[in-house]
Amino acid sequence: MIHEHPVTALNDFCQKKRKTNEFKYSKEGDEEVTIVYVDGKPIGYGYSKQMENSKLNAAENALEKLCPSNMVTVESAVDDNEG
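So, how was this worked out
Residues numbered from 1 in each chain as written. Predicted model: local features only at pLDDT ≥ 70, side-chain atom pairs only at ≥ 80, totals over all residues. Heavy atoms only, no water. Helix = DSSP H or I, 4+ residues; strand = E, 2+ residues; numbered from the N terminus. Buried < 20%, exposed > 50% of the residue type's maximum accessible area, 1.4 Å probe, protein only. Contact = heavy atoms within 4.5 Å. Areas by Shrake-Rupley, 256 points an atom, 1.4 Å probe, with all protein chains shown as cover. Polar contact = N/O pair within 3.5 Å; in protein donor to acceptor, adjacent residues only side chain to side chain.

A. Geometry of the overall build of the protein chain. Tallying secondary structure elements over the protein chain gives 3 helices and 3 strands in all. Along its sequence from the N terminus, the protein chain presents helices and strands in the succession α-β-β-β-α-α. With 83 residues in all, the protein chain has 34% of them scored as buried. Pairs at least 24 residues apart make up 32% of the contacts formed inside the protein chain by residues separated by at least 6 positions. Looking at the protein chain as shown, the accessible area adds up to about 5,400 Å², and 48% of this sits on carbon and sulfur atoms.

B. Highlighting the side chain of asparagine 61. For asparagine 61, the position within the fold is in helix H2 (residues 51-66). Within the structure, the side chain of asparagine 61 is placed 3.0 Å from the backbone nitrogen of tyrosine 45, a separation counted as a polar contact. For asparagine 61, the contacting residues outside a window of four places in its chain are Ile43, Gly44 and Tyr45.

What follows is the structure, given as C-alpha cells:
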C-alpha cells in the first residue's frame, strides 16, 4: 500500500477541490510553528523544534479536518520511503 506524504496529500486535495493553500511559519520560544491556510482561513497547526516536522504536523492537522476518512499519517509516509 502506498501512502502520500501529508504535505503532498494536502496539496493534491486542495488542487482537486480548487482551493488555495499556504504554509506560514513563525517561532514561539524554541518551537517552530506552522499554520496552514486553506482559501485564506487558518485550518491546520503544527509545532515542533524542527521546521520540517512542524510543517508535517500542520499538514496532518489540516487533513484531519478536511478529510478525516482519508487520513494519511507521517509514520506511514516515512515507513514507505524507508524500505
